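Chain by chain, the residues run as shown.
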Amino acid sequence: MKVRQSAVVSLLVAALERLGIIDAERFWPTMELAWPRIITGFAIMSKQTADLAMVGVAVGTAGTAGLAFALAYWQLVTMLGLGLAGGTVTLVSQNYGGEATDRASLAVSQSAVLAVALSIPVMVAFLAFAGPLIDLFDADPAPRRYGTTYLVYVAPAVVFELLNLVASRTYTGVGDTFTEMMARAGGAVLNIVLSGAFIFGLGMGVAGAAIGTTFASGFVTVVLAWGMLGRSYGLLGMEPSPVPITRSSPLFDAAMIRHLVEIATPEIGRRLAQGLVVFPLLWIAATFGPVVVTALEVGRRVRGLINSVNWGLSLASSSLVGQRLGAAEEAEADAYGAAIIRLSTVIYTGVAALVVVVSEPIAGLFVSDPGAVAQAAVFVVVGAVSSVGFGVDGAAAGALLGAGDTRWPFVASLLGRYAFALPAAALGLVTPLGVGGLYLALVLETAVPGGINYWLFRTGRWKAVSRRYRPSSEPG
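So, a few notes on the structure that sits alongside this text. (Residues numbered from 1 in each chain as written. Predicted model: local features only at pLDDT ≥ 70, side-chain atom pairs only at ≥ 80, totals over all residues. Heavy atoms only, no water.)

So, on to the overall build of the protein chain. For the protein chain, the count of helices and strands is 18 helices and zero strands. Taking 2.2 N^0.38 as the reference for a compact globule, 476 residues should give roughly 23 Å; the C-alpha atoms of the protein chain span a radius of gyration of 21 Å, in line with that estimate. If you take every contact in the protein chain between residues at least 6 apart in sequence, the share linking residues at least 24 apart comes to 81%. Distance from the positive charge centre (29 side chains) to the negative charge centre (28 side chains) of the protein chain: 2 Å. (Helix = DSSP H or I, 4+ residues; strand = E, 2+ residues; numbered from the N terminus. Rg over C-alpha atoms; globule rule 2.2 N^0.38 Å. Contact = heavy atoms within 4.5 Å. Lys, Arg positive; Asp, Glu negative; His and termini not counted. Charge placed at Lys NZ, Arg CZ, Asp CG, Glu CD.)

Right, let's get into the environment of Gly212. Structurally, the position occupied by Gly212 is in helix H8 (residues 205–228). Here the alpha-carbon distance between Gly212 and Gly196, two residues 16 residues apart in the chain, equals 8.1 Å. The contacts of Gly212, once residues within four sequence positions are left out, are Asn191, Leu194, Ser195 and Phe198.

So, on to the nonpolar core. What tends to happen in soluble globular proteins is that the nonpolar side chains get buried as a cluster. Counting 131 residues, the largest nonpolar core has Tyr150, Leu282 and Leu438 as the members making the most contacts within it. Looking at this core element by element, the count peaks at 15 residues for helix H3 (residues 61–97). If we skip the residues at most four places from it in the chain, Leu438 touches Leu281, Ile284, Ala285, Val292, Phe379 and Ala425. The next biggest cluster of nonpolar side chains, apart from the first, holds seven residues, and it includes Ile44, Met45, Met79 and Ala85. (Core = buried A, V, L, I, M, F, W, Y, C linked by side-chain atoms within 4.5 Å. Buried < 20%, exposed > 50% of the residue type's maximum accessible area, 1.4 Å probe, protein only.)

Another aspect to go through is the side chain of Glu180. One can find Glu180 in helix H7 (residues 178–201). Its relative accessible area of 0% is what places Glu180 among the buried residues. In this structure the side chain of Glu180 is engaged in a polar contact, spanning 3.3 Å, whose partner is the side chain of Ser168. Filtering out sequence-adjacent residues up to four positions away, Glu180 remains in contact with Arg37, Thr40, Ser168, Tyr171, Thr172 and Leu224. (Polar contact = N/O pair within 3.5 Å; in protein donor to acceptor, adjacent residues only side chain to side chain.)

Before going further, it helps to spend a moment on the packing of aromatic side chains. When we look at a pair of aromatic rings, we describe it by the centre distance and by the angle of the planes. Applying the stated criterion to the full structure yields eight aromatic pairs. Measuring from centroid to centroid gives 5.4 Å for Phe137 and Phe279, while their planes differ by 10°, and the two rings are stacked. One end of the pair, Phe137, is in the loop between helix H4 (101–135) and helix H5 (141–154); the other, Phe279, is in helix H10 (residues 278–286), with 142 residues separating them in the sequence. When the ring of Phe457 is compared with that of Trp462, the centres are 5.3 Å apart and the planes differ by 10°; the resulting orientation is stacked. In this structure, Phe457 and Trp462 share a single accessibility class: buried. Feature note: the residues Phe69, Tyr73, Phe126, Phe137 and Phe279 constitute an aromatic cluster, connected by ring pairs. Directly above the ring of Tyr336 sits Arg26, whose terminal nitrogen or CZ lies 5.9 Å from the centroid. In this structure, Arg145 is placed above the aromatic ring of Tyr146, and the distance from its NZ or CZ to the ring centre is 5.1 Å. (Phe/Tyr/Trp six-rings, centres within 6.5 Å; stacked < 30°, edge-to-face > 60°. Lys NZ or Arg CZ within 6 Å of the ring centre and 35° of its normal.)

So, about a nonpolar patch on the surface. A cluster of nonpolar side chains, contributed by Trp283, Phe288, Leu427, Leu429, Val430, Leu433 and Leu440, occupies part of the molecular surface with about 610 Å² of accessible area. Broken down by element, the residue count for the nonpolar patch peaks at three residues, all from helix H16 (residues 407–430). Structurally, Leu429 can be placed in helix H16. Here Leu429 falls in the partly exposed class, since its relative accessible area comes to 39%. (Patch = residues over 30% accessible without salt bridge, like charges linked within 9 Å, V, L, I, M, F, W, Y side chains within 5 Å. Areas by Shrake-Rupley, 256 points an atom, 1.4 Å probe, with all protein chains shown as cover. Salt bridge = Lys/Arg side-chain N within 4 Å of Asp/Glu carboxyl O.)

Moving on, we get to the packing of helix H9 (residues 254–276) against H16. Between H9 and H16, whose axes approach to 8 Å, the crossing angle comes to 15°. One element, H9, and the other, H16, form an angle in the roughly parallel class. Seen along the crossing, H9 lies across H16 with a hand that is left-handed. Here Glu262, Pro266, Gly269, Arg270, Leu272, Ala273, Gln274 and Leu276 of H9 come into contact with H16, specifically with Arg407, Pro409, Phe410, Ser413, Leu414, Arg417 and Tyr418. Across the contact of H9 with H16, the residue classes break down as eight nonpolar, three polar and four charged. (Axes fitted to C-alpha atoms, helices over the stretch in contact; angles between N-to-C directions. Parallel < 35°, antiparallel > 145°, perpendicular 65-115°, else oblique. Left-handed = near helix turned anticlockwise from the far one by under 90°. Nonpolar A, V, L, I, M, F, W, Y, C, P; charged D, E, K, R; others polar.)

Considering all chains together, one arrives at 13 salt bridges under this definition. Here Glu332 and Arg26 are joined by a salt bridge, their closest N and O atoms 3.1 Å apart. Placement of Glu332 in helix H13 (residues 330–357) and of Arg26 in helix H2 (residues 24–58) is noted, with a sequence separation of 306 residues between them. Residue Glu332 is classed as partly exposed on the basis of its relative accessible area of 24%. Overall, the relative accessible area of 13% leaves Arg26 in the buried class. A cluster of three or more residues bridged by salt bridges with shared partners is formed by Asp23, Glu25, Arg26 and Glu332.

On to the environment of Leu162, then. By the element assignment, Leu162 lies in helix H6 (residues 157–173). A relative accessible area of 0% places Leu162 in the buried class. It is 33 Å that separates the C-alpha atoms of Leu162 and Val356, two residues lying 194 residues apart in sequence. For Leu162, the residues in contact, after removing those within four places along its chain, are Val77, Leu80, Gly81, Ala115, Leu118 and Ser119.

In this section: H16. Counting along an α-helix, one turn takes 3.6 residues, and residues three or four places apart therefore face a common direction. End to end, H16 covers 34 Å across 24 residues, agreeing with the expected 34 Å (1.5 Å per residue, within 8%). Along its length, H16 reaches its greatest deviation from straightness, about 30°, at Ala421, and the proline Pro423 lies no more than four positions downstream. Taken as a whole, H16 has its buried residues at Pro409, Ala412, Ser413, Gly416, Arg417, Ala421, Leu422, Ala424, Ala425 and Gly428. The secondary structure elements touched by the buried residues of H16 are H9, H10, helix H15 (370–403) and helix H17 (436–459). (Expected span 1.5 Å × (residues − 1). Bend = angle between axes of the 7 residues up to and from the residue.)

Written as structure tokens, this is what we have:
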């Protein structure tokens, strides 16, 4: 769907071009891909954020702390799906860009097979071991009870989430981000309506939040599956996938599965590294009490909403770089990647500054006690500042992902989170730094991987890596 080139936007683009950030001929294709994905990302991230706010009103700090523990596991599900879908977008974008649509379609069908295979064991684990999983945080009895309840009721949504992410990345890989935006936005609205009805109307509390998320995720799966099977959406403005899953698609193709696993495994590792670090961070926060746990989660959720920009710009970077590489236009791929990194940095800096200004009112949406509001507001500020690192990291890693270069970004993620962020947080337990260790950890968690991935992009070695996955390369 075309971005409307209004006079105001045209002036903005002209200013960006004069400043050497991005030129017009690359801005418009980038934003045509990015803006629906930004809305999609906001829709996805807003679901749990809205649940956290509603549970805070209905249940209180014990409920939000319990939800924070459960959402740490749900974040692992999302990260697992994003990692798998990273392999999908690489193969779909390069093959679609190289006009090898049959091979792109095969990549989609095999990604769906892997999504189901990975999601079922996770769903069973949530159902069977919810209590012991929450116990890992050494939580107080009330937060433990609420966290266990949420994990059990949200378990069926695991399958939906992984399939949704594969479908989303498929549409991104072919340059259509409007269709998934419509499906995801509809799911986000439905989630808020259903969760609100279950939490407040039926008095179901945390269980109501989980049930609302499960039904909304199922709705998105059905809507996206319709187009992924090549079926028309009629007058909705949404398009069926040009690389659909058909009856002739093989149930299992060893060569394509091997390529998907080869590309996706480091990306899954990178994503899981992002998600796993929250477990020790929440454990450390729990030593300071439920208020700090809630405040940390509020800061992370606000940062996650800011990071919706990456859902668009990072995926635009992957898709446009991948398509240019698929067409053997390495110089243009480099130019797109560099421009999107600069644009992302500017946008994140501006949004972070705005959030810092209104940090206290934002914190007040989740908690009401003045002390809790003050603590949450500090975490909102730190989360906003640290989001700039996410902006650089997402755009640079997106370009590398479009080339199929996923191993070193995985290493960068490990270093930032486990060699820098975690030790910084742990300092708060043994020094007067206290909660300040968590502030420092949030900043290092994004700044270190962002700096490393930017350097990796600047080296240009990803161009050589991409030659292994282009249409001319046989999957053997």
